[in-house]
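Per-entry structural report
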Amino acid sequence: MTDGQQLSGRQLVALLVLMRLEVATIILPSVSCVDQPRESWVAALAGTLAAVPFGLLVAALARRFPGQTVVQFGRAMLGRLAGTFVAFVYVVFFFLIASSVSREVGEAYVASAMPETPWFAFAAVVLAVAAVAAASGIEVIGRAAELLVVAALALFITVLVLPLDMMRISNLLPVLERGLAPALPASLISFGLFGEMIAGWMLAPYLDYPHKMGKYLVSYVVISGVVLIAAILAVVAAFGPTANSRILPVYNLARNVSVARFLERVEMIPLAIWTFAAWVKIGLFLWVSAAAISQIAGLKDYRPLVFPLAFLAAAVSPVLHEDLFGLLDYLSWDNWPVYACTLQVTLLAVLWGAALLRGGGGKAGRSETKRAEGHARPGRGGTGQRPAKKGGHTPGN
Amino acid sequence: MPLARSLIENRAALAGAFGNSPDLVLRDLQLSPQGPEGLLVCLNGLVEASLVGSSVIEAISLMDQEDAALTDPAKLLEALRLRYLATTEVVEVSSMRPLLRRLTSGSCVLLLDRSATGLAVHTAGWRERRIDDSPSESTIRGPRDSFIETLDANVAMIRRRFRHPSLRFEPLVVGRATQTDIVVAHLLGIARESIVKEVLTRLRRIDIDGILESGYIEELIEDQPLSPFPQILRTDRPDRVAAALLEGRVAVLVDGTPFALVMPATITMFLTSPEDYYDRWPVGTFLRLVRYAAFAVSMALPSLYVALTTFHQEMLPTPLALSIAAQRRGVPVPAIVEAFLLELAFELFREAGLRLPRIIGPAITIAGTLVIGEAAARAGLVSPVMVVAVALTGISSFAIPVYSMGISIRLIRFPLLLLSALMGLFGLATGLSLLLIHVCSLRSFGVPYTSPFSPLTPGGVRDSVVRAPIWAHDRRPELVAHAKGRVAARQMPRPPKGGPGR
């Protein structure tokens, strides 16, 4: 089923970090979608902290049947009918993310660099690139992500550091003047975005060490959490109380860079990051939706589904949101947490409950871990033909 | 077809096989007064005439009384083979096909009447090019030899670098008409057996009339034939091949080609020069960084310029934007056309300079610099900034040490240019994304093209953008070879402890 493709843990983390970085670079909803930007870093911190147990729970469930996806798990636990229903809900969730991200990129380009082009042009092209990536296989997306994530993180941090002269610590003070309680609800925004990591469960069969899923998910949450909080701090310190009125905060931050009257206007950097991160994210979710559908329907190959799904995503994207402000509204407190968190938490709770009641996995699961490991190791990085190690005897000894 | 016992029949068969070709030499020999008649066959120009004279004909005439008295051709051949023929290799041949093959490889064959076996004596010697400095990959520090067109000499150049017998050469013959000799070299115990086997399998699958250059082989065995990127490294430096063998890679040498093929190749290898390892490591690392920058510049600089000046003028620092705008005033064409014109002109001059007889070369250079650099800009056809950008791009592509990669990148530049003219930075990003997806899906003999960056391998990264010091370079590329034990531990030199106070 995995047609010989493999994903290393690092590649999984890279994929997820880029997925999270995409939203943070474009909209940074933790700042732009809240009333009180000064508190938003606390909210993001809380969201990050809450995402850690969520990730561990996902990993624990995934470890019951190592090498199985959330779709297969749901069917095994809930039975055919209910399992298919849960799987279908996930497919819709994943697919809508792909569609929504394409809209996000299109709107972001129109709002930033190319105001005269219709947003749909960008969305369609990004979807096409993502579909090509998804059709090339998860291994290709994984490798691309592994290459991109280093550059993306380095550039992202550069953008946050360069406008140091604009930042005022006083903009961040006082800390929590209203107390902790009013700040916390906003944490659900970032928690909901972190929750998209459930897509990682769909990749479980491809991992070289499936039983380390927990480690991977936690490192994803920690890395993106640190970057996210750094971004929030930088944006709020630079723009002060009006930070939430900036539509594209990181882009705006980059626009204001001026170092030595030469290094100016580095908005090319966030543009590059969000374009690359966007197709990686859309590619990932197109792939995940296609793979999930093919598992529900029992298809041998997910590939024929990728391009129809991409077309569908393009068709759906104009309907999803009114405009950029609709998008902001969608990601704000009123909508996104209600939708995403409910869905993620409820579905996971259902799966967890079923797993508790059924008590499946256990020893069988553990022995399967070993099998999966033994199978996975030789082909790591996909030479697919690595023979067993035979102590490297060197010439000249 | 076995040889006949009659010399006359064999002679007719040989003459017939070559169609009475003028370069076929059939020389009658009477070995001894009462012995059988003999025939010495060779192809003129493929054998060293003096060697045939001294080691075969003269050697036969020096037979002692007892041997010269032999009348049984089999015994006579045995005696000749063991005692008289004075060359390194003497082989018995008893059928036509190997006999012809020996002849065309430069042996001369001795046939006797009443005997269905002959002796093939290795006397090959044709005009060879002198072993010279590498013309396509020159270095300041490093060995000064490079491959030539003769397979034996090339094999010897590699063998000379390995005294340990674990260096293995697997011979193959490819090509129906050319029957080209091919040798697959690898280090036993270091190269992965599966990769060696895969190389051999792919080579054996080839069925073609002729192989005239290693490029034929390259195109017939690469993983992704439709990709613009080279997936097999070709080099004319024996030291580079030796280094690759030490990393566990496999080299293919083709007779008649001064280039060896090295596989599996990953993208970092194309940005590597042997000199990186000969100079000290900070220098090597710096040069690598320069080359990676050159790689990026030669791929994307003109596109970036077009995207910025056409779509995103606001992103340039204001003084720079003003200066570019001032220079572009009066240029009658949009930036993209300007870029295409200049790029095409550059390619024209490069190609013309390459193909022309060497004596006329400077004329082209003068015309190129005058016409492009000065006149075009002064006539207002192109802006000077664009000239700078295109020239920088061209120079950068020459800084890529492997020619085949440099030229691939030049090809990729044009679609990127078009995309950025259509959609600005977004177009450029789209083009680069598609390129990245393509590169990530490439493999060379099962090894991902993007390794050691992705999948990240600790041994490989030490020899990628950075060149780790030799004593820290203790692992081979993991996906290619059995990794460990390259350099023994704790080799970093340190000052001696507790010496007399200085």
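Given the structure is predicted, the values throughout are model-derived calculations rather than measurements. (Residues numbered from 1 in each chain as written. Chains lettered and ligands numbered in written order. Predicted model: local features only at pLDDT ≥ 70, side-chain atom pairs only at ≥ 80, totals over all residues.)

**A few points about the overall build of chain B**
Across its full length, chain B holds 17 helices and 12 strands. Against the 2.2 N^0.38 benchmark of 23 Å for 502 residues, chain B shows a C-alpha radius of gyration of 30 Å, more extended than a compact globule. Considered along the principal axes of its C-alpha atoms, chain B spans approximately 100 × 70 × 45 Å. Per-residue burial for chain B yields a buried fraction of 40% across its 502 residues. Long-range contacts, defined here as pairs at least 24 residues apart, represent 65% of the contacts in chain B between residues at least 6 apart. (Helix = DSSP H or I, 4+ residues; strand = E, 2+ residues; numbered from the N terminus. Rg over C-alpha atoms; globule rule 2.2 N^0.38 Å. Buried ≥ 20, exposed ≤ 12 C-beta atoms within 10 Å, placed from the backbone. Contact = placed C-beta atoms within 7 Å.)

**Description of the overall build of chain A**
Broken down by element type, chain A carries 15 helices and 2 strands. For chain A, the proportion of its 397 residues judged to be buried stands at 55%. Taking contacts inside chain A between residues at least 6 apart in sequence as the whole, the part at least 24 apart equals 83%.

**Examining the interface of chain A and chain B**
Chain A puts 40 residues into the contact, and the matching count from chain B is 38 residues. Counting residues per element, the ones that place at least two in the side of chain A that touches chain B are α5 (119-136), α6 (138-161) and α11 (268-297) of chain A. Here the residues of the side of chain A that touches chain B are counted per class, giving 19 nonpolar, 12 polar and 9 charged. (Nonpolar A, V, L, I, M, F, W, Y, C, P; charged D, E, K, R; others polar.)

**Considerations on the sheet that holds strand β7 (residues 180-187) of chain B**
All names here are of chain B. One open sheet accounts for 5 strands, arranged β6-β7-β9-β10-β8; its pairing is antiparallel. Of all strands in the sheet, those with a lone pairing partner are β6 (167-174) and β8 (233-235), marking the two edges. Averaged over all neighbouring strand pairs, the angle between strand axes comes to 25°, with direction disregarded. In this fold helix α6 (residues 151-159) packs onto β6, β7 and β9 (250-254), with an angle of close to 10° to the strand it touches most, β7. Contacts from helix α9 (residues 238-246) reach β7, β8, β9 and β10 (260-263) within the one sheet, and its direction differs from that of β7 by about 50°. (Pairing = 2+ DSSP bridges. Axes fitted to C-alpha atoms, helices over the stretch in contact; angles between N-to-C directions.)

**Some points on the domain arrangement of chain B**
Quoted interface sizes are often the accessible area lost when the parts come together. Segmentation of chain B into domains returns domain 1 (7-122), domain 2 (151-265) and domain 3 (281-448). Using C-alpha coordinates to define each centre, domain 1 of chain B is positioned 62 Å away from domain 3 of chain B. (Domains from an automatic or database assignment.)

**Digging into the sheet that holds strand β5 (residues 118-122) of chain B**
All names here are of chain B. The 5 strands lie next to each other as β1-β2-β4-β5-β3, forming an open sheet whose pairing is antiparallel. Both outer strands of the open sheet, β1 (24-30) and β3 (90-93), are each paired with one neighbouring strand and no more. Here the average twist between neighbouring strands, direction ignored, is 25°. As defined by bridge partners, strand β4 (residues 107-112) adjoins β5 across 5 bridges and the pair is classed as antiparallel. Note on β5: the bridge partner recorded for Cys108 is Val121.

**Some points on helix α2 (residues 49-61) of chain B**
With 13 residues, α2(B) ought to run about 18 Å at 1.5 Å a step, and its terminal C-alpha atoms sit 17 Å apart, in line with that. Where α2(B) is buried, its residues contact β1, β2 (37-43), α4 (73-84), β4 and β5 of chain B. (Expected span 1.5 Å × (residues − 1).)

**Remarks on the pairing of β2(B)**
Residue and element names in this part refer to chain B. Both β1 and β2 contribute to a ladder of 7 bridges, which runs antiparallel. Bridge assignment links Leu26 to a residue of β2, and that residue is Val41. Turn length for the β1-β2 hairpin, with the two strands adjacent in sequence and antiparallel, is 6 residues. The pairing of β2 with β4 spans 4 bridges and is antiparallel. Considered in β4, the bridge of Leu39 is made with Leu111.

**Points about the nonpolar core**
Side chains that are nonpolar tend, in soluble globular proteins, to be buried together. Formed by 230 residues in total, the largest nonpolar core has its most connected members in Leu18(A), Val235(A) and Leu286(A). Considering each element in turn, this core owes the most residues, 20 residues, to α11(A). In this structure, this core is formed jointly by two domains, domain 2 (151-265) and domain 3 (281-448) of chain B, each of which donates at least three residues. Excluding residues within four positions of it along the chain, Leu18(A) makes contact with Ala145(A), Leu148(A), Val149(A), Ala152(A), Ala277(A), Val280(A) and Lys281(A). Core analysis: the second largest hydrophobic core is formed by 27 residues, Val41(B), Val93(B), Val109(B) and Leu111(B) among them. (Core = buried A, V, L, I, M, F, W, Y, C linked by C-beta atoms within 7 Å.)

**Thoughts on the environment of Ser136(A)**
Note that Ser136(A) resides in helix α5. Assessed through the 20 C-beta atoms surrounding it within 10 Å, Ser136(A) is described here as buried. In sequence terms Ser136(A) and Trp287(A) are 151 residues apart; their C-alpha atoms lie 9.6 Å from each other. Non-local contacts of Ser136(A), meaning those with residues more than four positions away in its chain, are made with Ile437(B) and Ser441(B).

**A few points about the packing of α6(A) against helix α16 (residues 403-441) of chain B**
Their axes nearest at 9 Å, the elements α6(A) and α16(B) cross at an angle of 115°. One finds that α6(A) runs roughly perpendicular with respect to α16(B). For the pair α6(A) and α16(B), the crossing hand works out as right-handed. Of the residues in α16(B), those in contact with Val140(A), Arg143(A), Ala144(A) and Leu147(A) of α6(A) are Leu436(B), Ile437(B), Cys440(B) and Ser441(B). Looking at the contact of α6(A) with α16(B) residue by residue, the class counts come to 6 nonpolar, 1 polar and 1 charged. (Parallel < 35°, antiparallel > 145°, perpendicular 65-115°, else oblique. Left-handed = near helix turned anticlockwise from the far one by under 90°.)

**As for the environment of Ala13(B)**
Residue and element names in this part refer to chain B. Mapped onto the elements of the fold, Ala13 is located in helix α1 (residues 7-17). Ala13 sits 83 residues away from Met96 along the chain, and the two C-alpha atoms are 8.7 Å apart. What Ala13 contacts, discounting residues up to four positions off in sequence, is Ala4 and Met96.

**Some details on the confidence of the model for chain B**
Any segment with low pLDDT has predicted coordinates that should not be analysed in fine detail. Residue and element names in this part refer to chain B. For chain B, mean pLDDT is 88; residues scoring 70 or higher make up 99% of the total. The least confident element of chain B, judged by mean pLDDT, is helix α14 (residues 361-378) at 75; the most confident is β9 at 95. Model confidence for the complex is summarised by a pTM of 0.88, with the ipTM given as 0.87. (pLDDT = per-residue confidence, 0-100.)

**Here we look at the confidence of the model for chain A**
Residue and element names in this part refer to chain A. With 90% of its residues at a pLDDT of 70 or more, chain A has an overall mean of 83. Per-element confidence in chain A ranges from a low mean pLDDT of 39 for helix α15 (residues 362-376) to a high of 94 for α5. Confidence drops under a pLDDT of 50 for residues 362-397, and excluding neighbours within four residues, the segment shows 60 contacts in the predicted structure.

**Some remarks on α16(B)**
Taking 1.5 Å of rise per residue, 39 residues should cover 57 Å, yet α16(B) covers just 23 Å from first to last C-alpha, more than 12% shy of that figure. Roughly 145° is the biggest bend found in α16(B), and it falls at Met423(B). (Bend = angle between axes of the 7 residues up to and from the residue.)

**Let's talk about unusual backbone geometry**
All names here are of chain B. The omega angle of the peptide bond from Met263 to Pro264 is -10°, so this bond is cis rather than trans. Tracing the backbone through its elements, the reader meets Pro264 in the loop between β10 and α10 (275-278). Here the bond from Ser454 into Pro455 is cis, since omega is 0°, no more than 30 degrees from zero. Here Pro455 shows up in the loop between β12 (447-448) and α17 (458-461).

**Examining the packing of helix α4 (residues 70-111) of chain A against α11(A)**
Residue and element names in this part refer to chain A. As a packed pair, α4 and α11 sit with axes 8 Å apart at the nearest point and diverge in direction by 155°. With respect to each other, α4 and α11 are oriented roughly antiparallel. For α4 against α11, the interelement crossing comes out left-handed. Split into classes, the residues belonging to the contact of α4 with α11 amount to 21 nonpolar, 6 polar and 1 charged.

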